[in-house]
Amino acid sequence: MHEMGLLWLRIATALYGVGLLHALAVLIRKKAGFLKYALFAFLIGAVLHFVAIVELATAVGHLPVDNFFECATVCAFLIAVLFLYVYWRYDYASLSVCIFPLVFVLTQIGAMETPMLSWPNPGVRNAWLLLHVMMILLGYAALLLTAVASIFYLIQERQLKRKKSINLFTKLPPLGTLDNLVTNSMSLGFVFITLGVIAGSTWASIESGTAWIRDPRIALAFITWGFYLTMVFLRATAGWRGRKAALMAVAVLCCSALTWAAHVGLRTMLAR
Amino acid sequence: MRFSITGVNHKTAPVEVRERLAYDEHSLPDALLELKRRPGFREGLILSTCNRVEIALTSEDGAGSGVAVDEFLAHTRNVAQEWVTPYLYRYEDGEAIQHLFRVASSLDSMVVGEPQILGQLKSAYALAKQHGAVNGFLDNLLTRAFNVAKRVRSETDIGESAVSVSYAAVELAKEIFGTLEDKKVMIVGAGKMSELAARHLRRSGATQIFVTNRTHERAVEMAQLFDGKIVDYARFPSFLQEVDIVITSSGAPHYIIVRDDMKKVLDARRNRPMFLIDIAVPRNIEPSINTLDNVFLYDIDDLQKVVETNLKGRAQSAEDAEAIIREEVSRMMARLKAREVVPTIVSLQEQLENVRAAETARMRGKLGALTPEQEQALEALTKSIINKIAHGPISELRRQASEPEGHYFIATIRKVFRLGE
């Protein structure tokens, strides 16, 4: 990949990172004050992203969509532009919860075609991997809580809808409480899993170059994350609440369980 | 001493009788003072509520206080004694204690488990105490009764579930929203039942109540009751998205909230849950709305069913409560009997001590001069002899006190030792 283009792309990734931080802060605290700055950083990021793509295009003589990494880069750019247009035209900022993390992760993957550094020593390498595992595990714990609360929600909701045996289920918490628990634990889980995905893909790219991206198990991990992202988005912006959201949380948990199963023994494959 | 409870309740007397016997708060103090003047009176308490009038009395033995209560009631309430007697029930001693515990625990109430009766009993007790009508036995017994009521409440589910339609609505709202703090309520149609429900909701923390009614005056009247806001009847559907709980009880002959409207309202609320309570007949809210997500619709029959289920649950809890009460009554009786035996023990000890003192005095002259040590030894010897003799009968008395046939044993001991007839 072209040197200068890659540099711009990495700076753009860093700027998108501000947006990512904003999205995560929104999820945890419900209100984050720095949307203006995040949007500004996102805009500059998109401009540099464009510069990077132009540099690459002039270097290869055509639109750089030759491999997965280049496609991801262009795709992320198009999403960024689309979001900025929607924001400018309709002032619809709540999409950012979904778009900021998505664009960041896609651009990050795009910038990984050439590893930017190698491990200074095995200690850092292992610590990084440990960070990835810890984040994912914390995320899974939160997701498990989400799913359990969702199942309680479904039971309680059914009781209230059927208007029967109210007595039997008075020991379950009220729907409102369960819904709050689902929202909070889901947001927290998403933050952990996103950080885990970023840590994990960085680790893999430094560790084993570009080959890992084609492994179906990795694809499954990204799909799970995408699924989770969709759930967070639907809940945060489209007002998916209650039964549908609870069902979705259970589905995401199942998907995550599959990913977990697939990842057992992945380390040996990745090790050079 | 005898303990008795005489009175009427909703089971033995119709309301026409109860209302004539009930004391109001002004006549109650005079009645208590009058009661205190009756011959044989020791302690007394008058409980007067809309479902019962009861007089608890402790009296001197053999004073025939039962007759006195009939007469007392007839006298103070200005009714003929022959008219009131057929409605009265009378419990004595153990049965009276059991009855008191059941009343305090709300097992004898019309709506079993309702919480008011305990408060009413507490104020009756406070009033009697204030007028010096309880001391000693009744004091202890009532304190025990309050503890029993507390135990029943915490160890059974008797007071858990709602047994009135309006209260069931509040319980369901809590089941849906968790807390009712900062929830908004709209009342469509100003009826008695919706007023009650709104009052309960308000008390449980609902912040804002909107009232809408076809006739404006009635809406104003009702809004004043819980400083609600009045919404124009023609425009109320556009307010639905603002509120979390809707109570309809309008006389409209057709549905005034339909499924399609509700869908739009939910979209506008971004699916925040809603609780719709339709207590109107014919119904005001299209029933199929209950199939939409995040809306819970209950009509009057649904609420009634919840109440019935809860009542059945209460019957089960009442059985558990009865068991607790049986246990408490026998514990109380054991304590009372243990107290009854105390005079016998005291007079047995006195009797033996008298014998010892008399015999020592009689023999002392024959012993001649003794050193102080020898004097002490003589005292110790005789005392230890009577203590050893008394030990068996006393511990057996204590043990027999709580036995059903214990009084035979007590009588035997009194006879054998020639204790004061």
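These numbers were taken from a predicted model, which means no experiment stands behind them.

### Things to note about the overall build of chain A
Next up, step 1: Each helix and strand in chain A was counted, giving nine helices and zero strands.
Next up, step 2: Helices and strands in chain A line up, N terminus first, as α-α-α-α-α-α-α-α-α.
Next up, step 3: Contacts in chain A between residues far apart in sequence, at least 24 positions, make up 81% of those at least 6 positions apart.

### Thoughts on the overall build of chain B
Next up, step 1: What chain B contains, in helices and strands, is 15 helices and 10 strands.
Next up, step 2: When the 421 residues of chain B are sorted by exposure, 37% land in the buried category.

### Some points on the pairing of strand 1 (residues 2-9) of chain B
Residues and elements named next belong to chain B.
Next up, step 1: The element strand 1 is extensively covered by neighbouring structure, given that six of its eight residues are classed as buried.
Next up, step 2: Note that strand 1 and strand 3 (residues 52-59) share eight bridges and pair antiparallel. When the sheet's bridge partners are listed, Arg-2 is paired in strand 3 with Ser-59.
Next up, step 3: The pairing of strand 1 with strand 4 (residues 89-92) spans four bridges and is antiparallel. Residue pairing in the sheet places Thr-6 in a bridge with Arg-90 of strand 4.

### Quick word on helix 5 (residues 93-104) of chain B
All names here are of chain B.
Next up, step 1: Look at helix 5: 17 Å from first C-alpha to last across 12 residues, which is about the 16 Å you get at 1.5 Å a residue.
Next up, step 2: For helix 5, the tally of buried residues reaches nine of 12 residues, placing the bulk of the element in the interior.
Next up, step 3: Those residues of helix 5 that sit buried are Ala-96, Ile-97, Gln-98, His-99, Leu-100, Phe-101, Arg-102, Val-103 and Ala-104.
Next up, step 4: As for helix 5, its buried residues are in contact with strand 1, strand 3, strand 4, helix 6 (116-130), helix 7 (137-155) and helix 12 (300-340).
Next up, step 5: A positive backbone phi angle near 65° is found at Ser-106, which sits one or two residues after helix 5.

### Description of the nonpolar core
Generally speaking, a soluble globular protein has its nonpolar side chains buried in company with each other.
Next up, step 1: Ranked by internal contacts, the top residues of the largest apolar core, which has 120 residues, are Ala173(B), Val185(B), Ile247(B) and Leu276(B).
Next up, step 2: No other element matches the 12 residues that helix 1 (residues 3-29) of chain A contributes to this core.
Next up, step 3: Look past the residues within four positions of Ile247(B) in its chain and what remains in contact with it is Val185(B), Ile187(B), Val188(B), Ser194(B), Ala197(B), Ala198(B), Ile277(B) and Ile279(B).
Next up, step 4: Leu45(B), Leu57(B), Ala149(B) and Val329(B) belong to the second-largest nonpolar core, a separate cluster that totals 49 residues.

### A closer look at the pairing of strand 2 (residues 41-48) of chain B
Residues and elements named next belong to chain B.
Next up, step 1: Burial runs high along strand 2: seven of the eight residues are buried.
Next up, step 2: Inspection of the sheet shows strand 2 paired to strand 3 by seven bridges, in the antiparallel sense. Paired with Glu-43 across the two strands is Thr-58, which belongs to strand 3.
Next up, step 3: Between strand 2 and the antiparallel strand that follows it, strand 3, lie three residues.

### Considering the sheet that holds strand 1 of chain B
All names here are of chain B.
Next up, step 1: Here four strands make up an open sheet; going across it, the order is 2-3-1-4 and the pairing antiparallel. Of all strands in the sheet, those bounded by a partner on one side alone are strand 2 and strand 4. Here the strands of the sheet are splayed against their neighbours by 15° on average, with no regard to which way each runs.
Next up, step 2: With respect to the sheet, helix 5 is in contact with strand 1, strand 3 and strand 4, its orientation differing from that of strand 1 by roughly 50°.

### A word on the sheet that holds strand 8 (residues 245-248) of chain B
Residue and element names in this part refer to chain B.
Next up, step 1: Judged by pairing direction, the sheet is parallel, and its six strands sit side by side in the order 7-6-5-8-9-10 without closing on themselves. Bordering the open sheet on either side are strand 7 (229-230) and strand 10 (295-299), each of which pairs with just one other strand.
Next up, step 2: Where strand 8 lies against strand 9 (residues 274-278), four bridges are found, and the strand directions are parallel. When the bridges of strand 9 are listed, Ile-247 appears paired with Ile-277.

### A look at the interface of chain A and chain B
Next up, step 1: Contact with chain A, which involves 15 residues of that partner, is made by 21 residues of chain B.
Next up, step 2: Those elements giving two or more residues to the side of chain A that touches chain B turn out to be helix 5 (122-162), helix 6 (175-208) and helix 8 (242-263) of chain A.
Next up, step 3: Its residues assigned to classes, the side of chain A that touches chain B comprises five nonpolar, five polar and five charged.

### Thoughts on the packing of helix 14 (residues 372-401) of chain B against helix 15 (residues 406-416) of chain B
Residue and element names in this part refer to chain B.
Next up, step 1: Closest axis-to-axis distance for the helix 14/helix 15 pair is 8 Å, and the angle between their directions is 155°. Taken together, the axis directions place helix 14 and helix 15 in an arrangement best described as roughly antiparallel. In this structure, helix 14 crosses over helix 15, and the sense of that crossing is left-handed. Contacts between helix 14 and helix 15 involve Pro-393, Leu-397, Gln-400 and Ala-401 from the former and Gly-406, Phe-409, Ile-410 and Ile-413 from the latter.
Next up, step 2: Residue composition of the contact of helix 14 with helix 15, by class: six nonpolar, two polar and no charged.

### Some details on helix 3 (residues 68-90) of chain A
Next up, step 1: For helix 3 of chain A, built from 23 residues, the straight-helix expectation of 33 Å at 1.5 Å per residue is met to within 8% by its first-to-last C-alpha distance of 32 Å.
Next up, step 2: Of all the residues in helix 3 of chain A, the buried ones are Ala72(A), Thr73(A), Ala76(A), Phe77(A), Ala80(A) and Phe83(A).

Cut-off values and rules
- Residues numbered from 1 in each chain as written.
- Chains lettered and ligands numbered in written order.
- Predicted model: local features only at pLDDT ≥ 70, side-chain atom pairs only at ≥ 80, totals over all residues.
- Helix = DSSP H or I, 4+ residues; strand = E, 2+ residues; numbered from the N terminus.
- Contact = placed C-beta atoms within 7 Å.
- Buried ≥ 20, exposed ≤ 12 C-beta atoms within 10 Å, placed from the backbone.
- Pairing = 2+ DSSP bridges.
- Expected span 1.5 Å × (residues − 1).
- Core = buried A, V, L, I, M, F, W, Y, C linked by C-beta atoms within 7 Å.
- Axes fitted to C-alpha atoms, helices over the stretch in contact; angles between N-to-C directions.
- Nonpolar A, V, L, I, M, F, W, Y, C, P; charged D, E, K, R; others polar.
- Parallel < 35°, antiparallel > 145°, perpendicular 65-115°, else oblique.
- Left-handed = near helix turned anticlockwise from the far one by under 90°.

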